[in-house]
Amino acid sequence: GHWGIQDAVWQSHYGDPQEGRAMLEALLVQSPEDSGRLNALGFTIVEQGRDLYEAEVLLRRAYRLDQDAGFIMDSLGWLFFKAGNLQAADTWTQRALRLRPQDPEVLYHRGQVEAARGYDGRAKEFYEEALLLVPTTLLARKLKSALEGDQP
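Structural notes, computed from the coordinates.

Quick notes on the rules
Residues numbered from 1 in each chain as written. Predicted model: local features only at pLDDT ≥ 70, side-chain atom pairs only at ≥ 80, totals over all residues. Heavy atoms only, no water. Core = buried A, V, L, I, M, F, W, Y, C linked by side-chain atoms within 4.5 Å. Buried < 20%, exposed > 50% of the residue type's maximum accessible area, 1.4 Å probe, protein only. Helix = DSSP H or I, 4+ residues; strand = E, 2+ residues; numbered from the N terminus. Axes fitted to C-alpha atoms, helices over the stretch in contact; angles between N-to-C directions. Parallel < 35°, antiparallel > 145°, perpendicular 65-115°, else oblique. Left-handed = near helix turned anticlockwise from the far one by under 90°. Contact = heavy atoms within 4.5 Å. Nonpolar A, V, L, I, M, F, W, Y, C, P; charged D, E, K, R; others polar. Expected span 1.5 Å × (residues − 1). Polar contact = N/O pair within 3.5 Å; in protein donor to acceptor, adjacent residues only side chain to side chain. Phe/Tyr/Trp six-rings, centres within 6.5 Å; stacked < 30°, edge-to-face > 60°. Salt bridge = Lys/Arg side-chain N within 4 Å of Asp/Glu carboxyl O.

## Description of the nonpolar core
Judged by nonpolar contacts, the single largest core of 41 residues is most densely connected at L76, L79, F80, W92 and Y127. Mapped by element, the contributors of at least two residues to this core are α2 (17–30), α3 (35–48), α4 (52–65), α5 (70–82), α6 (86–99), α7 (104–116), α8 (120–132) and α9 (137–149).

Okay, here's the thing in structure tokens:
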């Protein structure tokens, strides 16, 4: 097909998740050493909440190829968060935030990690900061519901 990575990611989040994942897998086959493609597929698998081991293999490979990429560190942090490893999630999302302080998705993930660690006040600050940075509609919805969840 003549679609690219953004189309595949869009499909996996807003369209047909199976189709989106198949598109990402096809893109990776074309270019197996592309850290962006490895990250996109790994992150999509994490978001779908299945095959976390497979996602970890993909994301670690992406990280080995590009160790300065904050977006890959963020994906690893989110993977560990979903896997219930808060210590690793904390380490990786902090590293991601140092490199991508203006990325609303990284801020959202930091907030989720802080909330899970019991630091609701800090989580709220991350969510509010992320909302000021013009997140996508989907992320804005997640941020607002996270903020509402903090109200007693």
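## Some thoughts on the packing of α7 against α8
Where α7 meets α8, the axes come as close as 8 Å, and the angle between the chain directions of the two elements is 165°. One element, α7, and the other, α8, form an angle in the roughly antiparallel class. As α7 packs across α8, the resulting crossing turns out to be left-handed. Along its contact with α7, which presents P104, L107, Y108, R110, G111, Q112, E114 and A115, the element α8 presents D120, R122, A123, F126, Y127, E129 and A130. A class-by-class count of the residues in the contact of α7 with α8 yields eight nonpolar, two polar and five charged.

## Overview of α7
Relative to the 18 Å expected for 13 residues at 1.5 Å per residue, α7 spans 18 Å between its end C-alpha atoms, a close match to the ideal helical length. By the criterion of burial, α7 is predominantly enclosed, with 10 of the 13 residues buried. The set of residues buried in α7 consists of P104, V106, L107, Y108, H109, R110, G111, Q112, V113 and E114. Sitting at the amino-terminal end of α7 is D103, which places a side-chain oxygen 2.9 Å from the backbone nitrogen of E105. One or two residues past the end of α7 sits G118, with phi positive at roughly 95°.

## A closer look at the side chain of H109
Its location among the elements puts H109 in helix α7. Those residues in contact with H109 that lie beyond four places of it in its chain are F43, D74, W78 and T93.

## Description of the packing of aromatic side chains
Using the criterion set out here, one finds five aromatic pairs in the structure. Summarising the aromatic geometry, the rings of W78 and F81 are spaced 4.9 Å apart at their centres and angled 10° between planes, so their arrangement reads as stacked. Note that W78 and F81 are positioned in helix α5 at a spacing of three residues, about one turn of the helix. Plain terms: the ring middles of Y108 and Y127 are 6.1 Å apart, the flat faces sit at 40° to each other, and that makes the pair tilted. Here Y108 is found in helix α7, whereas its partner Y127 is found in helix α8, with 19 residues between them in sequence.

## Observations regarding the side chain of R110
In this structure, R110 sits in helix α7. Once residues lying within four places of it in the same chain are set aside, the contact partners of R110 are D90, T93, Q94, L97 and F126.

## A look at the environment of R98
By the secondary structure assignment, R98 is in helix α6. Taking relative accessible area as the criterion, R98 reaches 62% and is therefore assigned exposed. With 28 residues separating them in the primary sequence, R98 and G70 have C-alpha atoms 8.0 Å apart.

## Some points on the pattern of salt bridges
As enumerated under the stated definition, the model contains 13 salt bridges in all. Measuring nitrogen to oxygen at the nearest pair gives 3.5 Å for the salt bridge that ties D90 to R117. One end of the pair, D90, is in helix α6; the other, R117, is in the loop between α7 and α8, and 27 residues separate them in sequence. Taking relative accessible area as the criterion, D90 reaches 11% and is therefore assigned buried. Of the residues examined, R117 reaches a relative accessible area of 33% and is grouped as partly exposed. R100 is the salt-bridge partner of D103, the closest N and O atoms lying 2.8 Å from each other. Taking the relative accessible area as the measure of exposure, D103 reaches 15% and is therefore buried.

As far as function goes, none of this settles anything; it's purely spatial.
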